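Structural overview for review
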Amino acid sequence: MDTLGLETRKRLTLAATILGSSLAFIDATVVIVALPTIEEDLDLGLTGQQWVFLSYSLALASLYLVGGAIGDRYGRRRVFVWGAAGFAAASLLAGAAPNEAVLILARTLQGVAGAFLTTNSLALLRGAYGADAGRAIGLWTAFTSVATILGPPAGGALVEWVSWRWIFLLNLPLAAAAVVLALLGREEAPAPARTGRLDLPGAALAATGFGLLTYGLVEGADRGFGGLWWAFVGAVAALTAFAVVETRVAEPMLPFAL
């Protein structure tokens, strides 16, 4: 690894972030293709199908800010690698799920890992390329978009010809490749991480606020928004409290000066 030049390390980092982000983006949609088959196999019912999809989206949206803040504190490359490894472990659990409860738990854990993976992939790319990040981000956007578009057709083929479980199990070698590429692209002198305490109250309020908001928007389209007023009230209350906390803590997760 010591013999790799700076430009090679940058390209390896770019490949790792594209692969890692593509995993998280694809898993947000590819499961829709497999839901009818999963429903037959695990006897999910309509509510179970909704939660297989919703649990991932909720965890992902709730922890975006938290994932970025933890990457700032403990190192973006390190947290990216943790996220990829966690995503692989959750995918293995999803692929082996014997029943509805385990599958929903696995999807939730995928969303948690995906939040750390996606937020730190773009931050890692910016850190690696610095002032030249524009072109790299353009490539990252293009390739992840193509992967997201191709995900559902590829998932449909796996469901049809192999098994729905392989839409999750295929994530394992891809996540391993993302980890290897990220480690090979590591700079000789890693970028300094932010110091100080993690803003735990801000993290909890952000996760609660965005989680309730996502739940209300997704479920409201199906059940009617009137019956979910409490989710929107809770989201407004949590995000208002989040704004207050961020103006008062010494090390805010989201500095309002930005």
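Residues numbered from 1 in each chain as written. Predicted model: local features only at pLDDT ≥ 70, side-chain atom pairs only at ≥ 80, totals over all residues. Heavy atoms only, no water.

**Thoughts on the packing of aromatic side chains**
The condition is simple: When two rings of Phe, Tyr or Trp (its six-membered ring) have centres within 6.5 Å they constitute a pair, described as stacked for plane angles under 30 degrees, edge-to-face for angles over 60, and tilted for the intermediate range. Throughout this description, buried means an accessible area under 20% of the type-specific maximum (1.4 Å probe, protein chains only), exposed means over 50%, and partly exposed covers the range between.
Inspection of every chain in the model, using the stated rule, returns five aromatic pairs. Judged by centre distance (6.2 Å) and plane angle (85°), the ring pair of tryptophan 164 and phenylalanine 168 falls under edge-to-face. Look at phenylalanine 168 and you get buried, because its relative accessible area is 0%. For the ring pair phenylalanine 225 and phenylalanine 232, a centre distance of 6.1 Å and an interplane angle of 50° mean the geometry is tilted. Residue phenylalanine 225 is classed as partly exposed on the basis of its relative accessible area, which comes to 43%. The exposure class of phenylalanine 232 is partly exposed, given its relative accessible area of 23%. Taken together, the aromatic side chains of Trp51, Tyr215 and Trp230 make up a single cluster linked through ring pairs.

**A short note on the nonpolar core**
So the rule is basically this: Note on terminology: a nonpolar core comprises buried Ala, Val, Leu, Ile, Met, Phe, Trp, Tyr and Cys residues joined through side-chain atoms within 4.5 Å. Numbering of helices and strands starts at the N terminus; helices are DSSP runs of H or I of at least 4 residues and strands are runs of E of at least 2.
Of all hydrophobic cores here, the largest spans 28 residues; its most connected members are Val66, Phe80 and Met253. Put simply, the parts of the chain that give this core at least two residues each are α1 (6–27), α3 (45–62), α4 (64–74), α5 (76–95), α6 (100–129), α9 (171–184) and α10 (200–223). Ranked by residues supplied to this core, first place goes to α5 with six residues. Counting residues in hydrophobic clusters, the runner-up holds 17 residues, among them Leu35, Leu42, Ala106 and Phe168.

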